[in-house]
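Structural characterization, general
Here are the chains, one letter per residue:
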Amino acid sequence: MSSQAYDIAIIGGGIVGLATALQLSTNHPDQRAVVLEKETAIGTHQTGHNSGVIHSGIYYRPGSLKARNCVEGGRALMAFCDENEIEYQLCGKVIVATGENELAALDELHRRGTANGVPGLRMIGPEELREIEPHANGIRALHSPNTGIIDFAQVAAGYSRRFRENGGEVLTGARVNSIRRADGLTYLETDRGEVRARNVINCAGLYSDAIARMMGVKQDVRIVPFRGEYYMLAHEAEHMVNGLIYPVPNPEFPFLGVHFTRTVHGEVEAGPNAVLAFAREGYNITRVNPKEMLGTLGYRGFWTMSARYWKMGMKEMYRSLSKGAFVKSLQKLVPEIRDEHLVRGNAGVRAQEVERNGLLTDDFHITETPNAVHVRNAPSPGATASLAIGRDVVAAAAKAFGLG
């Protein structure tokens, strides 16, 4: 590929990058835009490895970007799917308290979800829980009837198709290896040759911090990859789960805990856990990237985070290595689950931004540098919220780049 010139280059062909590209081509059709994706196909990492849940907005701090973008983005996502004939199902979700010690946290989730405008959210007792999920165990539950399931790879393909129909270009196999700024342009050296752009939007997901560093951004935060491993329910056990069954999350741990998720394809996933990945694309325990692992181990924020969560981290690692421990966790929600009901499934890697003080960034994080906008942190519910995130990124770009 010879050198090509664009008004805006979007780095990253995951669901957030493609949603941003679609919003850009819709709001600013005069801008010649390109999406650069390092893989040979779009949406192959976080987009293609998540649980496919359309989140309703229960967990997130009222007023946060996650709360606002999840609710607004979920509505926009379903409208897009309706317009483009992409299947989704509003199967509903229950967050189940199995002990008295979880009721206060469940009440807080009810308060947050109500404040965030989650439709139909209500508290239910054990009798109604058994009507919705006959095999679930709990003393109280929070029911969200409008939580849904979807295949986000199909959504990403829809975004890409609409972007290209609007005149945009998607270049796959275009890994960005270096970036330099000269003569009022940004020069991106890719595996497919040089790409020139007046401005850049960084939606590189697991490598968003690496791209930011290429553009001279100070390393004040770092992406630390966490692998989430899944089991699948064997066919004879799938009837035990009608929709989505979640535990009340531990407020001292930044992940949701293992749960049951019926997929839009009719299967049932059980998981995920959350363990440190030894590579940014480390989808199994044997996948190790020494350079990336040393980068994690050399980051002060990682050790501060580890000191805070080491006990939970050890439990997660044990659960990763022990199927019995995984089963025991799932039995708290569905007591009838047995070892033979679980078949090893796939895994995903969450791109989680960790600050130098060891805190995990708990909100979406979008920053600007000269001639660039960076999506620094967009984990779950990033896929649900993708169109709303894209809207905010394009608004920031319009201001930063002086778009009409």
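My aim in this report is to walk through the structure given alongside it, one point at a time. Here the residue index of a chain counts from 1 through its sequence in written order. Local features in this predicted model are restricted to residues whose pLDDT is 70 or higher, and side-chain atom pairs enter the listing and the counts only when it is 80 or higher, whereas totals over whole chains, interfaces and linings include all residues. With hydrogens and water excluded, all non-hydrogen atoms of the structure serve as input to the side-chain values.

**Focus: the overall build of the protein chain**
As a reminder of what qualifies: Note on conventions: DSSP H or I runs of at least 4 residues are helices, E runs of at least 2 residues are strands, and numbering of each starts at the N terminus. The atom set for the radius of gyration is the C-alpha atoms, and the globule formula is 2.2 Å times the number of residues raised to the power 0.38. Three labels apply to residues, based on accessible area from a 1.4 Å probe with only protein chains included: buried if under 20% of the type maximum, exposed if over 50%, partly exposed otherwise in between. Residue contacts are defined here by distance: any two heavy atoms, one from each residue, within 4.5 Å place the two residues in contact. Here the accessible surface of atoms and residues is derived via Shrake-Rupley with a 1.4 Å probe, and residues count as covered only by protein chains that are part of the display. His is not counted, nor are the chain ends; Lys and Arg add positive charge and Asp and Glu add negative charge. Where a charge lies is defined by one atom per residue type: Lys uses NZ, Arg uses CZ, Asp uses CG and Glu uses CD.
Secondary structure summary: the protein chain contains 10 helices and 20 strands in total. At 21 Å, the protein chain has a C-alpha radius of gyration in line with the 22 Å of a compact globule built from 404 residues. Here the C-alpha coordinates of the protein chain stretch approximately 65 × 45 × 35 Å along the principal axes. Expressed as a percentage of the 404 residues in the protein chain, the buried residues total 56%. Considering only intrachain contacts with a sequence separation of at least 6, the fraction spanning at least 24 residues in the protein chain is 74%. As displayed, the protein chain offers around 16,700 Å² of accessible surface, 51% of which is attributable to carbon and sulfur atoms. Computed over 44 positive and 44 negative side-chain charges, the inter-centroid distance for the protein chain is 7 Å.

**With respect to a positive patch on the surface**
Here is the rule: Like charges within 9 Å and nonpolar side chains (Val, Leu, Ile, Met, Phe, Trp, Tyr) within 5 Å are joined into patches, using only residues over 30% in relative accessible area that form no salt bridge. What makes a salt bridge here is a side-chain nitrogen of Lys or Arg within 4 Å of a carboxyl oxygen of Asp or Glu, nothing more.
On the surface, a cluster of positive charge is made up of Lys311, Lys315, Lys328 and Lys332. Structurally, the position occupied by lysine 332 is in the loop between α9 (323-331) and β18 (342-355).

**Quick look at helix α2 (residues 65-84)**
An α-helical turn contains 3.6 residues, so any two residues separated by three or four positions project in the same direction. For clarity, the cut-off: A helix is expected to reach a length of 1.5 Å times the quantity of its residues less one.
Given a rise of 1.5 Å per residue, 20 residues ought to cover 28 Å, and the 27 Å separating the end C-alpha atoms of α2 matches this to within 8%. Here α2 has its buried residues at Lys66, Ala67, Asn69, Cys70, Val71, Gly73, Gly74, Leu77, Met78, Phe80, Cys81 and Asn84.

**Regarding the packing of aromatic side chains**
This is how the line gets drawn: In this scheme Phe, Tyr and Trp rings, the latter by its six-membered ring, pair at centre separations within 6.5 Å, and the angle between planes marks the pair as stacked below 30 degrees, edge-to-face above 60, and tilted otherwise. By the criterion adopted, a ring carries a charge over it if an Arg CZ or a Lys NZ lies within 6 Å of its centre and within 35 degrees of its normal.
Enumeration over the complete set of coordinates arrives at five aromatic pairs. On the basis of an interplanar angle of 70° and a centroid distance of 4.8 Å, the ring pair of tyrosine 231 and phenylalanine 326 is categorised as edge-to-face. Taken as a pair, tyrosine 231 in strand β13 (residues 221-233) and phenylalanine 326 in helix α9 lie far apart in primary sequence, 95 residues in all. Assigned by exposure class, tyrosine 231 and phenylalanine 326 land together as buried. Aromatic pair phenylalanine 302 and tryptophan 303: ring centres 5.1 Å apart, planes at 75°, arrangement edge-to-face. Using a relative accessible area of 7% as the deciding quantity, one classes phenylalanine 302 as buried. The side chain of lysine 93 reaches across the aromatic face of tyrosine 246, ending 3.7 Å from its centre. Arginine 180 extends its terminal NZ or CZ atom over the ring of tyrosine 187, reaching a point 4.3 Å from the ring centre.

**Considerations on the packing of α2 against helix α5 (residues 152-165)**
In plain terms, the rule: For helices, the fitted axis covers only the stretch in contact; all axes are lines through C-alpha atoms, and the angles between them, taken along N-to-C directions, range from 0 to 180 degrees. Orientation labels follow simple angle bins: below 35 degrees gives roughly parallel, above 145 gives roughly antiparallel, 65 to 115 gives roughly perpendicular, and whatever is left gives oblique. Throughout, the ten residues Ala, Val, Leu, Ile, Met, Phe, Trp, Tyr, Cys and Pro are labelled nonpolar, Asp, Glu, Lys and Arg are labelled charged, and all others, Gly among them, are labelled polar.
Look at α2 against α5: their axes get within 11 Å of each other, and the N-to-C directions meet at 70°. Here α2 lies roughly perpendicular to α5, going by the angle between them. Within the contact between the two elements, α2 uses Leu77, Phe80, Cys81, Glu83 and Asn84 and α5 uses Phe152, Val155, Gly158, Tyr159, Arg161 and Arg162. Here the residues of the contact of α2 with α5 are counted per class, giving six nonpolar, two polar and three charged.

**Remarks on the environment of valine 241**
Examined against the element boundaries, valine 241 turns out to sit in the loop between β13 and β14 (244-247). For valine 241 and threonine 261, which are 20 residues apart along the polypeptide, the C-alpha to C-alpha distance reads 7.9 Å. Filtering out sequence-adjacent residues up to four positions away, valine 241 remains in contact with Glu133, Leu233, Phe260, Arg262 and Val268.

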